[in-house]
Structures are given as C-alpha cells and as structure tokens.
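Letter by letter, the chains look like this.
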Amino acid sequence: MSAEIGLDLLLAIVGGAVRVGTPFLFVSLGECLTEKSGRINLGLEGVLVFSAMAGFGGAYLSGSPWVGVLLAGLSGAALALLHGLLCSLKRVSDIATGIALMLLGAGLAFYLGKPLIQPQAPQIPAIALGAWSASPGVQSALAINALFPVGVALAGLLAWGLANTRWGLVVRMAGDSSDAARALGYSVNGVRIAATTAGGFIAGLGGASLSLYYPGSWNEGLSSGQGLIAVALVIFARWSPWRCLGAALLFGGAGAIGPALQSVGISGGYYLFNAVPYALTLAILVATCSPQRAVKGAPMELGVST
Amino acid sequence: MSTPRSWHAPAEALLLPAGALVAALALFGLFVWFGGHSPVQVWVLLFQGAFGDAFSWQNSLQRAAPLMLTALAVALPARAGLTVIGGEGALVLGALGCAGLPYILSDVSGTAGSVAVLAAGALLGAGWIALAGALRQWRGVNETISSLLLGYIAIALFKHFVEGPMRDPASLNKPSTRPLAESLRIGAIMGNSAGDSLLGDVHWGLVIGLVACLAAGLWLSFSASGFALRVVGGNARAARLVGLPTDRLILLSCALGGGCAGLAGAVEVAAVHQSANTAVIAGLGYTGILVSFVARHKPWAIPPVALLFGGFAAAGSLLQRRIGLPDASVLVLQGFAFVFILAAEALRGRLFGLFEFSLPRRVKLLPGAAA
C-alpha cells in the first residue's frame, strides 16, 4: 500500500468518523438522558429507523430539510413517549418494551416509507471546514453535517444541565433513587416519561441525519443496529454526555473503515469490515462490564449491569 | 378487591393474549383505514390468506415451522431469567453450517447425512447464543444487547462466506452456496402424493418444530434440571443459595435455545432454499421473539401462536397482491401485537376484579360492639 493510498484512507476514516458518527452521537445522547432517569430504551433502534423515514418524508413534502429534521425529532419523541407510558404500567419491563418498539418502529417506517424509496429529498447542508485546502480529498473529508455542531452543543447542554439545573437533578434523582424523588414529591414515572420522550426527540435528530445527510436517502436497510450500538455506547461512555461524543466519533471512524477501504479499491472482506462496529461494541462491553460490581457511574435504578 | 378464584389464572392466561391480539387487529384495521383501505376487507383477507383454504393452510404451516424453533430460542433462556433476542443470528449461522458441512466432509449423504447437516447448523447456533450467556455470566455483559450484536456479526459472517469463499460460481444473480445434494434435503411429510390436503407439501420441519416444543415443555415441567432452570429464572440468588449450578444451567438454556434457532436455519436450507443465500435472512428470528412473548415463554403454547403468526405472514402476501398494501403491513401488525401483549401484562391478576361491582356489604359487627 503506497503512502498516498494510506493518506486517502486516513482522510476517509477521519471524515467518516464525523459523517457516520453523527447518528451515533444523537442516539447515545438521547439514551444517556433516558438512562439517567432510570430506564433503558432499547427501542431507540426503532426510533432511529422511524424518524429517519419521517424526516425524509417531511423534507421531501415540504421542500425544506429543516422541517424534516423537526418532524424526525417529533416522531422520535412520539415513539419514545409510547415507551415511557408502557413502562409505567405495572409488570411491564423496559427491555421487553424496547424490543417491541424496535419491531414496531421498523414496521411503521417500512410501511409508511414505501413511496419514499425512489424520490430525492432536499439535504441538510454541509459546513465546508476544508475550504482552506486545495485538495478535493481534504475538502470532502472536512465537509461536516450541519447537525453535527448541534449535537456537540447538545452534549454540552446536557452535561451542564444534568449537573447544574433543578431539572437535571430531578432526572438524576429519579435514576439514582426513586425513593428520594418520591419523598421530595416528584412523580418518578412522570420524570421518566418526560426524560424518555426528550431522549426520543434527540435520537430522532440522529434519524434525520441518516436519511437527510449520510447516506442521504431512505431505504429499508438504512439503519442496521446503529441505534442499538448507541445504547451500548452509553455504557462505554459511563453516562457522561461528553464521553458520548468521543465514543460516537470512535464508532463513526470504525464504521467508516469498510466504505473507506472500498473507496481506495479494496473490496475483499467488505462485509467483515462492516461488522467492525458491532465487534468493537461487544469487545468494549466485555472490557467495561464486570459481574462483581455495577459499571462506574451507572444510575443506581438501572438494571443494565446485572 | 375481588377474591381470586382457581379458574381466574388459567382464564386470564387465555383471555389476556387473545384480547391483546383482538386489540392489535382492531388498531391495524384503523391504521389501514387511514390509508384508504377497508378494515373489514383487510380482516377478511388476513383470515383467508392464513386459514382460508388448503393452500393457505399449507403456507401458514410452512411458515410456522421455523417460528416454533426461533421462539424456543427466546423462550428457553427466558425461563432461566435471560432476555436473549439473537435468534436471527443463530438462524443464519445454522443455515451456513448446514450448507457448509458438505464443503468440509464431501462424503455426507443419505439420512445420516441429513442428520449431520442439521446437527451442524444446530451446533453453530447453540455455540453462538451460549456465547451471549457466557458473556453475561462471566463478564456481566447485558445479554439482550450482546445477543443482538452477535446477531449482526453473524449476518455479516454469513454474507461474507456466501458471497466470498463459499460462493457457488454457478449462482450468478443471487450469490448462494453450492446447493445441497438431493439425498441431504428434507422432503414433504406426505411424500410426493401432495394433493389438496391441509398438509400438502409441508416439509418435515413442521414435525421437528413440534417435537422440539413438546420436548422443551416436557423438560421444563417434568425433569429435575428443567425445574432447577425455572428456579434460576425465578430467583437466581435463591438458586445459588440452595447450591444449584446457576452458570451451567443458564449456559445450557442458551445453548439449547440457540441450537433450536440454528436448527431452524438448517431446516430452511435443507427443506426450502436448498442452498444458503440471503433469502434465509427473512426476519424469522425477530418474529420468533414476538411468538415467544405471546406464548409467555411456555413451550407448549408456542405451536398455536407460531401458527397464528405464520398465518399472518402468509396472509401478508395476499394483502400485497389483492389490495396493494406494502409487504411491511405484517410487520406493523406484529408491532401492534407486541405492544398490546406487553400492556396486557399489567392486567394480569386484576382482570376479573375490573368487572366486579363493589356492592355494599353487610358488615359483621364485632361481638363487643353489638349492643
């Protein structure tokens, strides 16, 4: 492999880290907020698919990508609200509900999205951070999804809000000790429903970035497990929004390896390279989890580490 | 509060899932009505496509066979307290193992060969899900997430092998492995005298599924190790305190469940597709999750539920042909059913209390308070 190909490859992976990582970022932030309140929403995989479809449909029908982004967020919030309400029923486990939402979200998206497979929708604009360079490779690698800075700002807002605001404290209290929250007169279920719904809205933005930026179209294979990987990322990021950002970029880079190799003409083992993010997620889970103790930083009410 | 009577629990076990399914069908009717279709027509077509005539019965039974096995892949670990949903991955690996064994052993043939290719598929599936169980027991990794991730990895491996090292050069448009030898395939139960009977050309996979469900039910209900497994599922701490080999039982349940899903994939290859290709990845593992939840993870309840959802899947193509509903309409119905099944859980133990009026009761006065 010559040095030039190596450089191209590196550029493609760095650019891909942001491009592929943006949906991971939003979903993991949404899941982070949900889990802080003491519930797991495995259904964010379904939320991601459904909101990607809704966002694409909104942008296509209205002609504005930002209407699509808003619609994606709202539809994500609606599905997540369903999760929140179901889990508030007695004897309904959040894991099982998440599985149900995964199936429901995908089913609804495939059904309603059938007429959207052919057309083109207006895309979210890119921010050209690479304008200083003459090389088209650098330019395309540094053309950044306009939603990405929004995600970074959101990570900061969440980190600050959870630590410093009254609302953040209530959410964390519901997640760490539902008894304490109840004693102070807060409805634990109410807080969790609100946090899950808000988390669904954030995850929905990730769906919009899938269908309206990269890959930038709607089809039934658009998301295959990114939502689930993002849920696992939150464990790796130990429930810190800033670390979610780092983890999302890392996984974006891993996810970009397959396409990057293909772009420089290496296509053998294409499927294996595409499986790298899953294998990496599993490896990280194995490394961070432990049967003896709960993962550091985990909300106490959360059943994620057995 | 109403007093629970002895017939309440079994009646609820039947009424709650049935009510949830009716609610799901009703909501599905509303859903297609918004799309401009007649709900009544859709319901009629669903029934016709699933159980309307001999042909649709054959179709439904054919589809129910793998669902029984993939449902067991969820049910058995669930009885040990685990939520494992990686059946799809175990299924595709089972398909790969079945199609792949003749590559390694070129002289497999006949009935023994059939058993060998099925066993190869089952073993691969068993190992795959047992891995998720092992990661949970020894590393504390959430088994729901790990089994699903393993599923995606399995699908990637499957595609890699089918389109790469194991590809049959003769398969041009649709990359496939070399077709199984004629003698290794699984035939129809009725042989070649298909006819118009309900069984028609339904293959032996149906019998395999039924036997597996029956055996799993017998094992859980009547064997010591099956009972121990249910104790582990009920309370893992208590199980450990009375000295049950928790780790081994959990691994066993995962391996058996994964083996069932792997077997499902192997049967799909040996009886339906003849070679491993992407047609095997049809979401049977995901539908199996729903089947198991509706059956409340009870092996004996799985076959009828699998038949019902196999029927819905069969009716899906009729809905598509007749009134142009997207093929995902069955997925929507499944999603609705799943949501209602979970919501119905909240009513368990309270269903009959709902209908009882609180009549004013004659209060017996305490002896001292009379006078």
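Residues numbered from 1 in each chain as written. Chains lettered and ligands numbered in written order. Predicted model: local features only at pLDDT ≥ 70, side-chain atom pairs only at ≥ 80, totals over all residues.

(A) Just the overall build of chain B, in detail. Each helix and strand counted, chain B has 14 helices and 0 strands in total. Taken from N to C terminus, the helices and strands of chain B fall in the order α-α-α-α-α-α-α-α-α-α-α-α-α-α. Computed over the C-alpha atoms, the radius of gyration of chain B is 23 Å, within 12% of the 21 Å expected from 2.2 N^0.38 for a compact globule of 371 residues. Based on the C-alpha atoms only, the size of chain B along its principal axes is roughly 100 × 60 × 35 Å. The buried share of chain B, taken over its 371 residues, is 51%. Sequence separation of 24 or more characterises 76% of the internal contacts of chain B that already satisfy a separation of 6 or more. (Helix = DSSP H or I, 4+ residues; strand = E, 2+ residues; numbered from the N terminus. Rg over C-alpha atoms; globule rule 2.2 N^0.38 Å. Buried ≥ 20, exposed ≤ 12 C-beta atoms within 10 Å, placed from the backbone. Contact = placed C-beta atoms within 7 Å.)

(B) Structural context of the overall build of chain A. What chain A contains, in helices and strands, is 13 helices and 2 strands. Here chain A has a C-alpha radius of gyration of 19 Å; the compact-globule value for 306 residues is 19 Å, and the two agree. Taken along the three principal axes of its C-alpha coordinates, chain A extends 65 × 45 × 35 Å. Classification of the 306 residues of chain A by burial places 56% in the buried group. Within chain A, contacts between residues separated by at least 24 positions form 77% of all contacts whose residues are at least 6 apart in sequence.

(C) Seen up close, the nonpolar core. By size, the foremost hydrophobic cluster in this structure holds 229 residues, and its most contacted members are Leu-233 and Cys-244 of chain A together with Met-68, Leu-72, Ala-270 and Ile-302 of chain B. The element contributing the most residues to this core is helix α10 (residues 246–273) of chain B, with 16 residues. (Core = buried A, V, L, I, M, F, W, Y, C linked by C-beta atoms within 7 Å.)

(D) Structural detail: the environment of Pro-241 of chain A. Residues and elements named next belong to chain A. Topologically, Pro-241 is positioned in helix α11 (residues 241–263). Once the C-alpha coordinates of Pro-241 and Leu-158 are considered, the two residues, 83 residues apart in sequence, prove to be 6.5 Å apart. With near-sequence residues (within four places) excluded, Pro-241 lies in contact with Leu-29, Cys-32, Ala-155, Leu-158 and Ala-159.

(E) Region of the structure containing helix α1 (residues 3–36) of chain A. Residue and element names in this part refer to chain A. The terminal C-alpha atoms of α1 lie 46 Å apart, and with 34 residues this matches the ideal 50 Å at 1.5 Å per residue to within 8%. Where α1 bends most, at Gly-21, the angle is about 45°, and the proline Pro-23 comes one to four residues later. Along α1, 24 of the 34 residues are buried, which leaves the element largely enclosed by surrounding structure. Gly-38 lies just past α1 and shows a positive phi near 100°. (Expected span 1.5 Å × (residues − 1). Bend = angle between axes of the 7 residues up to and from the residue.)

(F) View of the environment of Met-173 of chain A. Residues and elements named next belong to chain A. Checked against the element boundaries, Met-173 lands in helix α7 (residues 166–176). Distance from Met-173 to Thr-196, taken between C-alpha atoms, is 15 Å for residues 23 residues apart in sequence. Setting aside chain neighbours within four positions, we find Met-173 in contact with Ala-180 and Ala-181.

(G) Fine view of helix α13 (residues 276–288) of chain A. Compared with an ideal rise of 1.5 Å per residue, which puts 13 residues at 18 Å, α13 of chain A spans 18 Å between its outermost C-alpha atoms and is within 8% of the ideal. Residues Pro-277, Tyr-278, Leu-280, Thr-281, Leu-282 and Leu-285 of chain A constitute the buried set of α13 of chain A. The secondary structure elements touched by the buried residues of α13 of chain A are α10 (226–236) and α11 of chain A together with α6 (143–163) of chain B.

(H) Main features of the packing of α10 of chain A against α11 of chain A. All names here are of chain A. At a minimum axis distance of 9 Å, the contact between α10 and α11 shows a crossing angle of 130°. In terms of orientation, α10 lies oblique with respect to α11. Considering how the two elements wind past one another, α10 and α11 form a crossing that is right-handed. The segment α10 lies against α11, with Ile-229, Leu-233, Val-234 and Phe-236 engaging Cys-244, Ala-247, Ala-248 and Phe-251. In terms of residue class, the contact of α10 with α11 is made up of 8 nonpolar, no polar and no charged. (Axes fitted to C-alpha atoms, helices over the stretch in contact; angles between N-to-C directions. Parallel < 35°, antiparallel > 145°, perpendicular 65-115°, else oblique. Left-handed = near helix turned anticlockwise from the far one by under 90°. Nonpolar A, V, L, I, M, F, W, Y, C, P; charged D, E, K, R; others polar.)

(I) Focus on the interface of chain A and chain B. Counting residues at the interface gives 41 residues for chain A and 37 residues for chain B. Contributions of two or more residues to the side of chain A that touches chain B are made by α4 (94–112), α10, α12 (270–274) and α13 of chain A. Residue contributions to the side of chain A that touches chain B peak at 12 residues, all from α4 of chain A. Per-class residue counts for the side of chain A that touches chain B are 28 nonpolar, 10 polar and 3 charged.

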